[in-house]
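Chain residues, written in single-letter form:
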Amino acid sequence: MTLILPPWVAFLGVLFLMLLWLFLPLIPAVMELVKPKDAAPLNAVGSDSGNLTFFAESFTARAQREGLFNDPVPEKLADGSPVLTHSTAKPLPIQRKPFTDFVVITDNARFAEGTEFASECLARSTLISVPNTTFRTLLGVQDVVLAQETTMLRWVHVKGHLEVASNSRLLGRATSEQSITVGPQVVFDRLSAPVIRVGNEEVEMSPVLPIHAYERFVPDDGRLLAPQYYRIDDDFTLPASRGLSGSVVATGKVEIDEDSRVTGSLKAHDTLIVRAGAIVDGSVTARGPIRIEDGARVLGSVISEEAIILEGAVIGAPGHPATVTAPLVRVRVGAIVHGAIIAAKDGKTVV
Amino acid sequence: METVVFFANIGLWTCVAILAVYTLRHYFFTLNRLFGKHRQPYVDVLEADWPALVVFVPCHNESRVIRDSLDALLTCDYPPDRLVIVPIDDRSEDDTRDILVQYANDYPGRIQPFLRDDGIPGKAAALADAMEFHQEEVFLIFDADYIPGTKLIKQLVAPFFDPEVGAVMGRVVPLNVSRSLLTRLLDLERSGGYQVDQQARMNLHLVPQYGGTVGGMRRVALEAVGGWNLDSLAEDTDLTMRLVIAGWEVVYQNRSECYEEVPETWESRMRQIRRWATGHNQVAARYTGDLIRNSAKLPFRQVLDGVLLLGVFVIPIVLLIGWSCAIILYYAGYPPEFNRFTILAIASFNTVGNFAAFFEIAAANRLDGTRERIRMLPFMLLGFLISAITVCRASMSRKSWFKGHTMSWQKTARHREDRVTKKPGRNRRAKAGTIA
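Just so it is clear, the structure is predicted and the values come from calculations on it, not from any experiment.

S.K.: Account for the overall build of chain A, with residues named and values stated.
M.R.: Summing up its helical and strand segments, chain A has 3 helices and 30 strands in all. A compact globule built from 351 residues would reach a C-alpha radius of gyration of about 20 Å, whereas chain A, at 29 Å, exceeds it by more than 25%. In terms of overall dimensions, chain A has a C-alpha envelope of 105 × 75 × 35 Å along the principal axes. Residues counted as buried form 41% of the 351 residues belonging to chain A. Across chain A, the fraction of contacts at a sequence separation of at least 24, relative to all contacts at a separation of at least 6, is 18%.

S.K.: Tell me about the overall build of chain B, residues and numbers included.
M.R.: Scanning chain B for helices and strands turns up 15 helices and 8 strands. Looking at chain B as a whole, 51% of its 436 residues qualify as buried.

S.K.: Requested: an account of the pairing of strand 27 (residues 307–310) of chain A, with residues and values cited.
M.R.: Residues and elements named next belong to chain A. Judged from the 3 bridges that link them, strand 24 (residues 290–292) and strand 27 form a sheet pairing that is parallel. Among the inter-strand pairings, Ile292 is bridged to a residue of strand 27, identified as Leu310. Pairing geometry for strand 27 and strand 29 (residues 322–332), over 4 bridges, is parallel. Its bridge partner being in strand 29, Leu310 is matched across the sheet by Val331.

S.K.: Outline the interface of chain B and chain A, listing residues and values.
M.R.: Contacts between the two partners involve 46 residues from chain B, matched on the other side by 47 residues from chain A. Secondary-structure elements contributing two or more residues to the side of chain B that touches chain A are helix 5 (152–157), strand 6 (165–174), helix 6 (181–203), helix 7 (219–224) and strand 8 (249–260) of chain B. Ranked by residues supplied to the side of chain B that touches chain A, first place goes to helix 7 of chain B with 4 residues. Looking at side-chain class alone, the side of chain B that touches chain A contains 22 nonpolar, 6 polar and 18 charged residues.

S.K.: So what's going on with the domain arrangement of chain A? Residues and values would help.
M.R.: As assigned here, chain A comprises domain 1 (54–177) and domain 2 (211–350). The centre of domain 1 of chain A, based on its C-alpha atoms, is set 38 Å off from the matching centre of domain 2 of chain A.

S.K.: Give me the sheet that holds strand 3 (residues 114–116) of chain B: which residues, what numbers.
M.R.: Residue and element names in this part refer to chain B. Read across the open sheet, the 8 strands follow the order 3-2-1-4-7-6-8-5; overall the sheet is mixed. At either margin of the open sheet sits one strand with a lone partner, and together these are strand 3 and strand 5 (147–148). The sheet contact formed by strand 1 (residues 53–59) and strand 4 (residues 138–141) spans 4 bridges and is parallel. Among the inter-strand pairings, Phe56 is bridged to a residue of strand 4, identified as Ile141. Sheet strands touched by helix 6: strand 6 and strand 8. Its angle to strand 6, the strand with the most contacts, is close to 150°.

S.K.: So what about unusual backbone geometry? Which residues, and what values?
M.R.: Between Asp71 of chain A and the following residue, Pro72 of chain A, the backbone shows a cis peptide bond with an omega angle of -5°. One non-glycine residue with positive phi stands out, namely Ser241 of chain A, at about 60°. Mapped onto the elements, Ser241 of chain A comes out in the loop between strand 15 (236–238) and strand 16 (242–244). Using a count of 16 C-beta atoms within 10 Å as the deciding quantity, one classes Ser241 of chain A as partly exposed. Even without glycine at this site, Lys297 of chain B takes up a positive phi of about 55°. If you trace the backbone, Lys297 of chain B turns up in the loop between helix 9 (266–293) and helix 10 (300–310).

S.K.: Quick rundown of helix 6 of chain B? Include the residues and the values.
M.R.: All names here are of chain B. Counted at 1.5 Å a residue, the expected span for helix 6 with its 23 residues is 33 Å, and the 32 Å between its end C-alpha atoms agrees. Here helix 6 lies mainly inside the structure; 19 of its 23 residues are buried. In the segment just after helix 6, His205 is the residue with positive phi, at about 55°.

S.K.: Could you give me a rundown of the packing of helix 1 (residues 2–35) of chain B against helix 6 of chain B, with the residues and numbers involved?
M.R.: Residue and element names in this part refer to chain B. Two elements in contact, helix 1 and helix 6, have axes whose closest approach is 9 Å; the angle formed by their N-to-C orientations is 80°. Considering the angle they form, helix 1 stands roughly perpendicular to helix 6. Taken together, the residues of helix 6 that come into contact with helix 1 (itself represented by Phe29, Thr30, Asn32 and Arg33) are Gln195, Val196, Asp197, Gln199, Ala200 and Asn203. Partitioned by chemical class, the residues of the contact of helix 1 with helix 6 number 3 nonpolar, 5 polar and 2 charged.

S.K.: Describe the nonpolar core, naming the residues involved and giving the relevant values.
M.R.: Among the nonpolar cores identified, the biggest contains 182 residues, and Val156, Val280, Val298 and Ile341 of chain A together with Val55 and Phe56 of chain B are the most heavily contacted of them. When residues of this core are assigned to their parent elements, the largest contribution, 7 residues, is made by helix 9 of chain B. Each of domain 1 (54–177) and domain 2 (211–350) of chain A contributes no fewer than three residues to this core. Leave out the neighbours within four places in its chain, and Val280 of chain A touches Ile256, Val262, Leu266, Val274, Val298 and Leu299 of chain A. One finds Leu188, Ala200, Val262 and Ala364 of chain B within the second-largest nonpolar core, a separate group that totals 15 residues.

S.K.: Run through the environment of Ile309 of chain A, naming residues and quoting values.
M.R.: Residue and element names in this part refer to chain A. Within the secondary structure, Ile309 sits in strand 27. Considered as a pair, Ile309 and Pro327 are 18 residues apart in the sequence and their alpha carbons are 11 Å apart. If sequence neighbours within four positions are ignored, Ile309 has contacts with Arg291 and Arg330.

S.K.: Kindly report on the packing of helix 9 of chain B against helix 10 of chain B, identifying the contributing residues and their values.
M.R.: Residue and element names in this part refer to chain B. In the contact formed by helix 9 and helix 10, the axes pass within 10 Å of each other and the chain directions differ by 165°. With respect to each other, helix 9 and helix 10 are oriented roughly antiparallel. As helix 9 runs across helix 10, the sense of the crossing is left-handed. Between helix 9 and helix 10, the residues in contact are Val283, Ala284, Tyr287, Thr288, Leu291 and Ile292 and Val303, Gly306, Val307 and Leu310, respectively. Its residues assigned to classes, the contact of helix 9 with helix 10 comprises 8 nonpolar, 2 polar and no charged.

S.K.: Describe the pairing of strand 1 of chain B, and please don't skip the residues or the numbers.
M.R.: All names here are of chain B. Counting buried positions along strand 1 gives 7 out of 7 residues, so the element sits mostly inside the fold. Because side chains alternate across strand 1, one face comprises the buried residues Leu53, Val55, Val57 and Cys59, and the other comprises Val54, Phe56 and Pro58, equally buried. Where strand 1 lies against strand 2 (residues 83–90), 7 bridges are found, and the strand directions are parallel. Bridge pairing links Val54 to Val84 in strand 2. For the crossover that starts at strand 1, traverses helix 2 (residues 66–74) and ends in the parallel strand 2, the hand is right-handed.

Basis of the calculations
Residues numbered from 1 in each chain as written. Chains lettered and ligands numbered in written order. Predicted model: local features only at pLDDT ≥ 70, side-chain atom pairs only at ≥ 80, totals over all residues. Helix = DSSP H or I, 4+ residues; strand = E, 2+ residues; numbered from the N terminus. Rg over C-alpha atoms; globule rule 2.2 N^0.38 Å. Buried ≥ 20, exposed ≤ 12 C-beta atoms within 10 Å, placed from the backbone. Contact = placed C-beta atoms within 7 Å. Pairing = 2+ DSSP bridges. Nonpolar A, V, L, I, M, F, W, Y, C, P; charged D, E, K, R; others polar. Domains from an automatic or database assignment. Axes fitted to C-alpha atoms, helices over the stretch in contact; angles between N-to-C directions. Expected span 1.5 Å × (residues − 1). Parallel < 35°, antiparallel > 145°, perpendicular 65-115°, else oblique. Core = buried A, V, L, I, M, F, W, Y, C linked by C-beta atoms within 7 Å. Left-handed = near helix turned anticlockwise from the far one by under 90°. Right-handed = clockwise from strand over helix to strand, strands pointing away.

Right, here's the structure in full:
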């Protein structure tokens, strides 16, 4: 038996199906509109971004709340989790597995080589660690010396001086309120301190002479973007021992030769090299790699979209902090940075 | 009749070509954001000898919102001795001026209001007048309804360590998302515009747009390109184009996010689009030629992107012309040439092209990590239709393309009723974020 529908029923049926098809995508939309599940503003203001000591500050506040700076050290935190104390009188037991409880180190007692701290550590006095120690986080109230092959998993913050021996790994943030000295072959992500030294070698720096002491140089193939802002549609080289007043943007390579000086900032669309003994009063930026050679000084920040090789040069100055930032950063022994070194992907100190 | 058909054919194919270019552009940007390298070279500049800075906040009847904005600026972590906040009151008729005077008394030296009762009205003229009194290295601008986070100012200043950067733009994030269907659609639209469009331009070294707020400029760059254009309704796009044409770089910082209040009524939204479209078209009329002549020897991709950017508010007209040509051809009995190809093109465009903007917004929400709000996407059709009609009307007005109109304050209505920030302590820097 064949069912024959009247034409108007067929029409209405087709119309209904078409409207259903059309409005199908609107069903979840209407549901979201009527009963919103995701209508809050985006979490736009991250409080930890741009503040390398954010976690250390939170940790310090918590340690104060919990009374961990007091004597005797409480045995438990407010949430009931235990607190371990390490001191000369009461050292931590030697164990192969990591310590998972909160640890307070009250004096300069050493712990066993290869110890792993999988929870937060608070060092209330100067801490001299032993080789091959692993910390999750460490807050040092005084100085901290991390021995060879130390691994820091998240952050270390030291109110005094932080010294990191060779072949260590500083994953995350390493900050100090005074200074950091990093040995060779240390892997790092983010370092910040008023003074960061790589190694203890002193590199001979050229004297900073006033700009009129240098033979004046004016780029003749550039055009002025603004007074003292030169744009050069090619490579640019500042010859040795010459002085340039102003900033330079070059669409090719930039090379600042030995013992010359630039009073402004530099930008290269390609590679940028500041040769030995040269001085840049401003910042140095490049889309390609940047190399700052021995004895050079850059007062401003050094920013590359690819890589930075910092030899025995000085970046920033006391009271004039600066940032060295690139996906890949290599810092040679002898380099000094006043401020921060940020390697987004791969940072390492080298000999 | 043959002449009509000839021109209708040319018109139709020109429109199809233009629309295809914009469609490809949408896909190119979106795919770049999904799979390309994310470029943000200045985001990690955390320690620096920060330059002297002035933050301007243009105001015209802003009593509902200005306190939140000033309180948020006062809590930022920029060195206070290098930061001056200059709210500019231009002929407000509410109690905005009283509020500014009160803040100036509460925060002497840090807040220095600029009170304006005469001269050309409008944001550009107000900024030009106020900036005359300042010689600081960097100027930032926030609209009065914007609520910057603690770290935002440093993030926006960091790109200026690059001597090529003339202007910087941060990301605008709607605060009043949940208020209505319109605010939810605007939230999606803003995500697409910033998370995909602007950041893709940044990634690809194209022309990110300085948007007039949550951003700023290097003072010498502004002066070098002739300062503010006082008769421009889109002073931000006007400045972007002059900077780019002169060889300066405009930088977009996706991580520099700032809350804003988006329009809550369709009427104020349409007024906003009309103003943007008119202003943008004025800029297109003025600078497209200069951009193509390319005296700064910009790379071709930058010139092309600049031209396409200038043309965005002409697209609804192109669409209208295309439809008209197709109708003429149909009734003239002359279907467009290359029949099979045409059918293929129309089918392709219907399945892919029409969804380019939706794809972009969906990708932006994925990048933002917001899962549920993507369900609102089908409603974007409504938003697009209203925008298209409004832009069409604005783009066909004389004001869009010719000089000689009277300037006035064209501002979006504010709807905020409650305070969203806590008042900071006097003469000190607060540490915590302030968004309630």
